[in-house]
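Chain by chain, the residues:
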Amino acid sequence: MLPLLIEDLTRYISIGGAEIEAIATKDSLVAIDPVCYKNRQERDKSKNHHLTLVNPIEVSAKLTKAGFPKETHDDKVKEWIANWVSTYGPIETWEKPIDLGLGVLYTEPEYRFVERQPKKKLTKKERKQLKQQQKEKEQQAQMKEKDKTDETDDPRSQPLAMAAETTTSTSKSAAAAMQDNPDASGDEKQEKVELIKELKRPGAVSYYRVVHWPFGQRLRKDLGLPPAHFHITIGFNPRDIHKYKGPATLHVLQSEIPLEDTEPLLHLSQYASFYTKDIDYFTKLLRACEINELTHITTHWRDGLSHNIKNNHTSSNGSKDVD
């Protein structure tokens, strides 16, 4: 397998190859449910991993805005690749992405409240009484049917039976109406309802490797696209989370206790100057360095951070995710 290769030229541009697999398969040092890996493989229809360089929405929006018909988009993407190769050389010789560590995102379950009419729970005694009442009604119905049959056998009793039946039916209808609506003569009683909390959408988790790749940012800039938060998805459950996946989501920055191994923080410090506009990331990185007594490694990039805080830069660093 080549160090880097372009895997998809139809809907989007993704980068695969040995370098991407080496990053994706690093030991995460975190217990990840195997179903997360399975979900990612089923979605991508491949065991191989990829890094999205230009996503489908960006491809479509850029070419449509430029006036190219949809049926020509694939050819235009191939032209982009050819121009890159002409300018920077074969893909396998391009500058390699750098792994910053494991990133994790969580979303909480979403709930909604719906109205339900409360169902009365019958006691054992009430269930027994109800069963007895139903049995008595059946017996009464059988007896009435028998009496009706006997009466209709005598022609002289038919007019009287018909009148009695009519009277009985009318009485029954009225009684049933009163039973169904005992307050029919007055205002209707408002039925009681209760709010039931039910799950609208389950929570989710996404695992990925956060990637530092200046060369990839240069390729996007050649197309007039903004910087992106590069990452390699390694698993999710039950769905992927399409939100900010920059360095502020690194798992190593979430701990409030000293790390057993501070090498990851030293590694992040080497590339910190590239992210001085990502205030959220730097707040967490500085905090982690303080907890692990490594504030001395922050001096060379703290000045840049202070400048950007004064200028009210957002945590997105002007970048976007390219899932």
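Residues numbered from 1 in each chain as written. Predicted model: local features only at pLDDT ≥ 70, side-chain atom pairs only at ≥ 80, totals over all residues. Heavy atoms only, no water.

Caption draft 1: Geometry of the sheet that holds strand S7 (residues 204–212). Here we have three strands laid out as an open sheet, ordered S4-S7-S9, and antiparallel in their pairing. Strands with a single pairing partner mark the edges of an open sheet, and in this sheet they are strand S4 (98–107) and strand S9 (231–237). Shown here is a sheet whose adjacent strand axes are inclined to one another by a mean of 15°, direction ignored. Pairing of S4 with S7 involves nine bridges; the strand directions are antiparallel. By the bridge assignment, Gly103 is partnered in S7 with Tyr208. Most of the contacts of helix H2 (residues 34–44) go to S9, to which it runs at about 115°, and overall it touches S7 and S9. (Pairing = 2+ DSSP bridges. Helix = DSSP H or I, 4+ residues; strand = E, 2+ residues; numbered from the N terminus. Axes fitted to C-alpha atoms, helices over the stretch in contact; angles between N-to-C directions. Contact = heavy atoms within 4.5 Å.)

Caption draft 2: Up close: the nonpolar core. Counting 34 residues, the largest nonpolar core has Ile13, Leu53, Trp84, Trp94, Tyr207 and Trp213 as its most contacted members. Among the elements that take part in this core, helix H4 (residues 73–88) stands out by supplying four residues, more than any other. Dropping the residues within four chain positions of it, Trp84 is found in contact with Ile13, Leu53, Gly89, Trp94, Leu219, Asp222 and Leu223. One finds Val210, Ile241, Ala272 and Tyr281 within the second-largest nonpolar core, a separate group that totals 24 residues. (Core = buried A, V, L, I, M, F, W, Y, C linked by side-chain atoms within 4.5 Å. Buried < 20%, exposed > 50% of the residue type's maximum accessible area, 1.4 Å probe, protein only.)

Caption draft 3: Main features of the pattern of salt bridges. The full count for this structure, using the stated rule, is 10 salt bridges. Notably, a salt bridge pairs Arg43 with Asp240, separated by 2.9 Å at the nearest N-O pair. Highlighted residues: Arg43 in helix H2 and Asp240 in the loop between S9 and helix H8 (263–270), separated in sequence by 197 residues. For Arg43, a relative accessible area of 35% corresponds to the partly exposed category. We note a salt bridge from Arg220 to Glu58, for which the minimum N-O separation is 2.7 Å. Taken as a pair, Arg220 in helix H7 (residues 214–222) and Glu58 in helix H3 (residues 56–65) lie far apart in primary sequence, 162 residues in all. (Salt bridge = Lys/Arg side-chain N within 4 Å of Asp/Glu carboxyl O.)

Caption draft 4: Structural context of the packing of aromatic side chains. Within this structure, the stated rule accounts for seven aromatic pairs. With a centroid separation of 5.8 Å and 80° between ring planes, the pair formed by Tyr275 and Tyr281 is classed as edge-to-face. Just as Tyr275 is buried, Tyr281 falls in that class too. Look at Tyr281 and Phe282: their rings are 5.4 Å apart centre to centre, the planes differ by 65°, and that puts the pair in the edge-to-face class. Side by side, Tyr281 and Phe282 carry an identical accessibility label, which is buried. Aromatic rings pair up to connect Trp84, Tyr88, Trp94, Trp213, Phe215 and Phe230 into one cluster. (Phe/Tyr/Trp six-rings, centres within 6.5 Å; stacked < 30°, edge-to-face > 60°.)

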